[in-house]
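Summary of the model geometry
Listed here are the chains, written in short residue letters.
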Amino acid sequence: MHLGALFVASHVLASGSVRETARRFSLAASTVSAAVSSLESELAIKLTERSSGELVKLIASGKVLDGLQPIMLAIAQLHELAGEPAVAFERWASRIPIKIVTIERFLEVADQGSINRAARRLRLGQPQLSLQIANLEKFIGHQLLERQAQGSALTRKGRSAYSIFSAVSQAWNDLKSAADERYRRVARSLRIGSIIPTGAESWVARCLSALVADWNAARSKNAISLISMTADDLREALRSGRIDVAILDSVFGLEGFEHRELLRTDLVAIAPLGSTASTVADLVAGHPICTPSERTGLGDAATALSRERAASRRFRNQDIMAADSLPVIVDLVANHGYVSFLGRVSALPIADRVRIVELAEHIPISYHVACNHRKASADACAMIAAAVHKIISEPLAKTAAVA
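Residues numbered from 1 in each chain as written. Predicted model: local features only at pLDDT ≥ 70, side-chain atom pairs only at ≥ 80, totals over all residues. Heavy atoms only, no water.

**Points about unusual backbone geometry**
Under the convention used in this document: Only DSSP runs of H or I with at least four residues qualify as helices, and only runs of E with at least two residues qualify as strands; both kinds are numbered from the N terminus onward. Only protein chains enter the accessibility calculation, which uses a 1.4 Å probe. A residue is then buried if its area is under 20% of the maximum for its type, exposed if over 50%, and partly exposed in between.
Backbone geometry places S26, a non-glycine residue, at a positive phi of 55 degrees. For S26, the position within the fold is in the loop between α2 (18–25) and α3 (29–43). A relative accessible area of 51% places S26 in the exposed class. A positive phi angle, close to 60 degrees, is found at R123, a residue other than glycine. Tracing the sequence through the fold places R123 in the loop between α7 (115–122) and α8 (126–140).

Take a look at the structure:
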């Protein structure tokens, strides 16, 4: 990682804009984006993401920006040491070619008092290390080390550089140590993603809580972390390695992963308790509709069903076809007069809050668990299946493993 790239990335985190940073420093936008990506890679953490073409800073970016401030101060001091014009500071700082590893090697040479001794400790060739020090001195414009018969000693400018580079090294090591701890924590953890539960009483929530309790009771060395997403997001996260296990309401896209069907159910309509319509057609005609988006298996089935019955309705402009929060959907039905669709297994636990209405046609819904090839993932899948078996009276389908 270059000091220039750190300077650029810090400005992006402060301003929240790649384009503004590129204009300000007269750099290509791709160069600025690469600096941010390099910082994210070095620290093993996501700092920004794109949303509707705009850069969005994530929560972690604030802490990283604070951690970079000692390095930004050191860059300003290095600019003064190099004697560069003050008016050209940002352009100069954004293009500093000095790598962190070169800084640490300079500090090692200064501490050892000898390029030869430092080269042996660093397991580098002496000519290679000498060239790196010479390039560092050339960029700063001052001799930093005075070669002597018994080794090398810092010059006056070298002592100033040593102080500046020590601050850079300390700040960078602080940031990296936090990254290393995150990596160790992630390596130890089992990351489980699931479709969004309807509430604390739902089979998904009860299954996951039973898994966590049984997993910890067994004193597993792997900690568990949980996250809820749509089925499409779960498949992407499983493919990218961001999660190890996924509970989904669709089998689509699980090729290449071990997976098994957890349970089968059917689609039902849910309506306000005070509603009187006896058919889904009458319910849809008399109430606005809310369903999950088609990014979910449930939403894919429910949206198609509701559209077939919503050709001309006075409530059509109130319909919500992309509410990817099942607790919100349930509340809209129970308290605000909406109609929606759920799997029967999800609707039964909230039968005291909504009215369940049978569909004229049978529309099957199946739930699956999929995992990568970690042993801990396979163990979690087995425990999830066992928890579902306890919670749901219906027998589980036979395991179907796909290579």
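Once the structure has been displayed, the description carries forward.
**As for the pattern of salt bridges**
If charged atoms from side chains of opposite charge come close, those side chains can pair. Quick note on the threshold: When a carboxyl oxygen of Asp or Glu is within 4 Å of a side-chain nitrogen of Lys or Arg, the pair counts as a salt bridge.
Considering all chains together, one arrives at 15 salt bridges under this definition. Between R242 and E236 there is a salt bridge, with its nearest N and O atoms 2.6 Å apart. A relative accessible area of 45% places R242 in the partly exposed class. Among the ionic pairs, D266 bridges to R344, the shortest N-O distance being 2.8 Å. Of the two residues, D266 sits in strand β8 (residues 258–272) while R344 sits in helix α15 (residues 344–347), which places them 78 residues apart along the sequence. Residue D266 is classed as buried on the basis of its relative accessible area, which comes to 13%. Overall, R344 belongs to the partly exposed group, its relative accessible area being 22%. Sharing partners across several salt bridges, the network here consists of R191, D244 and R374.

**Examining the confidence of the model for the protein chain**
Threshold: How sure the predictor is of each residue is captured by pLDDT, a score from 0 to 100. Contacts were defined at the residue level, with two residues in contact if any of their heavy atoms lie within 4.5 Å.
This prediction gives the protein chain a mean pLDDT of 87; 91% of its residues lie at or above 70. Low pLDDT, under 50, characterises residues 394–403; the stretch is placed with 16 contacts to residues that sit more than four places away or in other chains.

**Topic: empty space enclosed by the protein**
Convention followed: Residues are said to line a cavity or pocket when one of their atoms sits within 4 Å of a point; the points come from a 1 Å grid over protein atoms alone, cavities being sets where a 1.4 Å probe fits but cannot get out and pockets being open sets with protein on both sides within 12 Å along at least five of seven lines. Grid points are joined across faces, edges and corners, and a volume is the space filled by probe spheres set on the points. All residues other than Ala, Val, Leu, Ile, Met, Phe, Trp, Tyr, Cys, Pro, Asp, Glu, Lys and Arg, Gly among them, are scored as polar; the first ten of these are nonpolar and the last four charged.
Here the structure, examined in full by the defined rule, presents one cavity of 30 Å³ or more. Here the largest cavity defines a volume of roughly 160 Å³. Contributing to the lining of the largest cavity are 21 residues, with I195, I196, D249, L298 and L326 lying nearest its centre. Secondary structure elements with two or more residues in the lining of the largest cavity: α10 (203–217) and α14 (326–336). Taken together, the residues of the lining of the largest cavity sort by class into 13 nonpolar, six polar and two charged.

**Focus: the nonpolar core**
Note the threshold: Among buried residues, the Ala, Val, Leu, Ile, Met, Phe, Trp, Tyr and Cys ones that are joined through side-chain atoms within 4.5 Å form a nonpolar core.
In this structure, W203, V245, L262, L267, F341, I384 and V388 are the most contacted members of the largest nonpolar core, which totals 67 residues. Every residue in contact with W203, bar those within four places of it in the chain, is listed here: I247, L262, L263, V345, S346, Y367, V388, I391 and I392. L3, A35, A74 and I164 belong to the second-largest nonpolar core, a separate cluster that totals 57 residues.

**What about the layout of surface pockets?**
Within this model, the second largest pocket holds a volume of roughly 200 Å³. As for the second largest pocket, its lining consists of P97, I98, K99, V101, T102, Q128, L131, Q132, N135, L136 and F139. Mapped by element, the contributors of at least two residues to the lining of the second largest pocket are α6 (100–112) and α8. In terms of residue count, α8 provides more of the lining of the second largest pocket than any other element does, six residues in total. Per-class residue counts for the lining of the second largest pocket are six nonpolar, four polar and one charged.

**Brief notes about the packing of aromatic side chains**
Convention followed: Any two of the Phe, Tyr and Trp rings considered here, Trp counted by its six-membered ring, make a pair once their centres fall within 6.5 Å; the pair's planes then place it as stacked at under 30 degrees, edge-to-face at over 60, or tilted in between.
A complete count under the given rule lists five aromatic pairs for this structure. Ring centres of F7 and F25 lie 5.4 Å apart, and the angle between their planes is 35 degrees; on these two criteria the pair is classed as tilted. Note that F7 is positioned in helix α1 (residues 3–15) and F25 in helix α2, a separation of 18 residues in sequence. The buried category is assigned to F25, whose relative accessible area is 1%. Measuring from centroid to centroid gives 5.7 Å for F106 and F165, while their planes differ by 80 degrees, and the two rings are edge-to-face. Residue F106 is found in helix α6, and its partner F165 is found in helix α9 (residues 156–188); the two are separated by 59 residues along the sequence. Neither F106 nor F165 differs from the other in exposure class; each is buried. Through pairs of rings, three or more aromatic residues link up here, namely F7, F25 and F89.

**Quick word on the pairing of strand β4 (residues 151–154)**
To keep it simple, the criterion reads: At least two DSSP bridges between two strands are required for those strands to pair.
The pairing of strand β3 (residues 145–148) with β4 spans four bridges and is antiparallel. The residue of β4 that forms the bridge with R147 is S152. In textbook terms, the turn of a hairpin is the stretch between consecutive antiparallel strands, and for β3 and β4 this stretch comprises two residues.

**Notes on the packing of α6 against α7**
The condition is simple: Lines fitted to C-alpha atoms define the axes here, with helix axes fitted over just the stretch in contact, and angles between the N-to-C directions of these axes take values from 0 to 180 degrees. By the definition adopted for this analysis, an angle is roughly parallel if under 35 degrees, roughly antiparallel if over 145, roughly perpendicular if from 65 to 115, and oblique otherwise. If you view the pair so one helix is near and one far, a crossing is left-handed when the near helix is turned anticlockwise from the far one by less than a right angle, and right-handed when it is turned clockwise.
Two numbers describe how α6 lies on α7: the axes approach to 8 Å, and their chain directions differ by 125 degrees. Classified by the angle between their axes, α6 and α7 sit oblique to one another. Classified by chirality, the crossing of α7 by α6 is right-handed. The segment α6 lies against α7, with R105, E108, V109 and Q112 engaging I115, R117, A118, R121 and L122. Split by residue class, the contact of α6 with α7 holds four nonpolar, one polar and four charged.

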